Structures are given as structure tokens and as C-alpha cells.
Amino acid sequence: MERYKYDLHIHSCLSPCGDNDMTPNNMVNMAALLGCDIMAVTDHNDSRNVPAAVEVGKQAGVLVVPGMELCTSEEAHVVCLFDSVEGCLEFQKYVYSQTPDIKNRADIFGDQLILDENDEVIGTEERLLLSSSFISVNEVLPLARKYGGTAFPAHVNADSYSVIASLGAIPDEAGFTACEITRDCDIEQLKILNPEIEGKLVFTDSDSHYLHLMTEDMNWIELPEKSLSALIAFIDGRGEGRLETFRRRPRISSEM
């Protein structure tokens, strides 16, 4: 088993609320400078900056996990991670078919830029990616598994866009084996209010939308190897691994 620093929730410039400086090269190389071994690119309802980031990660020595932050029909955010770029992009195509065709207003919400591995703009997404999909919380994990992935609810202690804020609890029917909390969370108090968290893996990530919010103060994960398959299997309850015990940290302001 080897220990790796991780950040499994980072937004690129494809997310309208993500800064345009969050390019594949900037994100991945900043992660490398901060000592991050494993990072995930998780844009809102889209994954088309994943291929470029994965290629940059190969050069930088950072394992880039293909991912997405899906907004469910209940307006709850769920982090979805995959063991291949291909599976992630197929998942993205399905999600796109399950989101409303509402045009983005870049002057209000921000640009939605698709980049290549040289940070060149190769396209923009005209549909607003912040909209809720037609996919319910209970559908997410089986759907992610269909494409070689897994999923866990994001920032569950947040006052908005979290499964707990939307539904009052993490439903057992959803089948999640893990969840994510913000770095300032009082985990013991959260477990008192939401005992369903007990027994789940609890991740803390930066949820960075800006380069300056990426931090070297990361938690670590132990895996048999530094690979997508080992990470996904561990999160999904099918593989070996261990997480660092959560340590409460000062809040860093960020978009959700």
C-alpha cells in the first residue's frame, strides 16, 4: 500500500463558475506543485476538459481522474468518478441528454470553455451547465457504475446544493459508500444529525474553482497502486485502501 495526497473535486474553465485560468495545464501543474498525487476534474454536468487534463497529468506525474459534478433533479451535487476517459465521456453524453436546453448567459454565469492539452480553446458549450438534470439522486450510483465509475454526494454539510440540504439525509436507497464534506465541517456533530454517514468513506476536497483555492493542505489516501481502477474500486467498496482520519481545517471560501 502506498500513500497519496488527493483532491477529487476540482473545476476547470468549462464550469461557468470556474475561472478561465483553470485550464488543464494550469490546474494539473498547480496540483503537481502542491504535492497532489491524484486529482479529479469534476465540472458541472460535463466532462469535455477531462481528456486534455489527463494528457497533461501524464507529463506532470499526476493521476488525473475523469469525473463530473452532476446536479440531480433534486438540486443536489454528486461527484462522479470513472476508471477511463471513454467511460466518463459516454456518461457525459447521457447526462447531456438528460439536462434542459437552457442557453448560457456568459455575461451572467461565465464562459464554458473546452480546451485541448495545449490550453487552446477548441469549443464552447452554449447550453447552461448549472441546470439541474432529470436524473434523481437514487439513480446516480447505478448509472455511474454502468460506465465504469462510482459516485458520492458532494459537500454534504453545505447549506445548498447538497443531498442533505435537499432531502434532509443521504437516502439508503441511493447506495452510496462514501460522501464528501467541506474542510471546516464538524464531522462529529454532522454524524449526530445524520447517522447514515457512519461507516461511509468521508472525503475532503478543495472544490476549487480558482487556482488560488487549490491547497497543499490535502488529506491522503492509501491504495495498492496509483491507478484509476484501484481508486474507483476502493471508493465503491470493492477494493483495498484507507483514508486519513478527517482533521477539521479553517474554511476557504469557494463556489459550490
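Up top you'll find the structure we're talking about.
Model, not experiment: these values are computed from the prediction.

Points about the overall build of the protein
In terms of regular secondary structure, the protein is built from eight helices and eleven strands. Structurally, the protein occupies a C-alpha span of about 45 × 35 × 35 Å along its principal axes. Across the 256 residues of the protein, 58% fall into the buried class. For the protein, the proportion of contacts with a sequence separation of at least 24, taken over those separated by at least 6, is 75%. Roughly 10600 Å² of accessible area belongs to the protein as shown, and the carbon and sulfur atoms make up 48% of that amount. Charge centroids of the protein, computed over 20 positive and 43 negative side chains, lie 3 Å from each other.

Let's talk about the side chain of E180
Topologically, E180 is positioned in strand β8 (residues 178–181). Owing to a relative accessible area of 2%, E180 belongs among the buried residues under this scheme. Separated by 3.1 Å, the side chains of E180 and H9 make a polar contact. Beyond its immediate chain neighbours, meaning those up to four positions away, E180 contacts H9, F152, P153, A154, H155, V156, F203 and D205.

Remarks on helix α2 (residues 50–60)
Buried within α2 we find V50, A52, A53, V54, V56 and G57. Buried-residue contacts for α2 involve α1 (24–33), β2 (38–41), β3 (63–71), α3 (85–97) and β5 (113–115). Two residues or fewer after α2 comes G61, characterised by a positive phi angle close to 80°.

Topic: α1
The complete set of buried residues in α1 reads P24, M27, V28 and A31. Around the axis of α1, the buried residues are gathered within 85° of arc, so they sit on the same side. Where α1 is buried, its residues contact β1 (2–10), β2, α2, β3 and β5. Directly beyond the C-terminal end of α1, a positive phi value near 85° is found at G35.

Let's talk about the pattern of salt bridges
Summed over all chains, the structure comprises twelve salt bridges. One salt bridge in this structure joins R48 and D46, with 2.6 Å as the shortest N-O distance. In this structure R48 comes out as partly exposed when scored by relative accessible area, which is 27%. Residues joined by salt bridges that share partners form a network here, namely D46, R48 and E125.

Remarks on the pairing of β1
As paired elements, β1 and strand β10 (residues 220–223) share four bridges and run antiparallel to each other. Of the residues in β10, the one forming a bridge with K5 is W220. Where β1 meets β2, three bridges bridge the pair, whose relative direction is parallel. Bridge pairing in β2 links Y6 to I38. Regarding topology, α1 serves as the crossover connection from β1 to the parallel β2, and that connection is right-handed.

Some words on the packing of aromatic side chains
Both the distance between ring centres and the angle between the ring planes are used here to describe each pair of aromatic rings. Scanning all chains against the criterion turns up four aromatic pairs. Here Y6 and F203 contribute two aromatic rings whose centre-to-centre distance is 5.5 Å and whose plane-to-plane angle is 85°, an arrangement assigned as edge-to-face. Taken together, the residues Y6 in strand β1 and F203 in strand β9 (residues 201–204) connect sequence positions 197 residues apart. Here Y6 and F203 have matching classes, each one buried.

Thoughts on the environment of G57
Inspection of the secondary structure puts G57 in helix α2. G57 gets classed as buried once you look at its relative accessible area, which sits at 1%. Residue contacts for G57: discarding those within four places in its chain leaves V28, V62 and V64.

Observations concerning the environment of R3
Counting through the fold element by element, R3 comes out in strand β1. In this structure the C-alpha to C-alpha distance between R3 and M22, which are 19 residues apart in sequence, comes to 27 Å.

Thoughts on the packing of α1 against α2
Relative orientation of the contacting elements α1 and α2 amounts to 35°, with a least axis distance of 9 Å. The interaxial crossing formed by α1 with α2 has right-handed handedness. Packed against α1, whose contacting residues are P24, N25, V28, N29 and A32, the element α2 presents A52, A53, V56, G57 and A60 at the interface. Looking at the contact of α1 with α2, its residues break down into seven nonpolar, three polar and no charged.

Each value, and the rule that gives it
Residues numbered from 1 in each chain as written. Predicted model: local features only at pLDDT ≥ 70, side-chain atom pairs only at ≥ 80, totals over all residues. Heavy atoms only, no water. Helix = DSSP H or I, 4+ residues; strand = E, 2+ residues; numbered from the N terminus. Buried < 20%, exposed > 50% of the residue type's maximum accessible area, 1.4 Å probe, protein only. Contact = heavy atoms within 4.5 Å. Areas by Shrake-Rupley, 256 points an atom, 1.4 Å probe, with all protein chains shown as cover. Lys, Arg positive; Asp, Glu negative; His and termini not counted. Charge placed at Lys NZ, Arg CZ, Asp CG, Glu CD. Polar contact = N/O pair within 3.5 Å; in protein donor to acceptor, adjacent residues only side chain to side chain. Arc of directions from axis to C-beta. Salt bridge = Lys/Arg side-chain N within 4 Å of Asp/Glu carboxyl O. Pairing = 2+ DSSP bridges. Right-handed = clockwise from strand over helix to strand, strands pointing away. Phe/Tyr/Trp six-rings, centres within 6.5 Å; stacked < 30°, edge-to-face > 60°. Axes fitted to C-alpha atoms, helices over the stretch in contact; angles between N-to-C directions. Left-handed = near helix turned anticlockwise from the far one by under 90°. Nonpolar A, V, L, I, M, F, W, Y, C, P; charged D, E, K, R; others polar.

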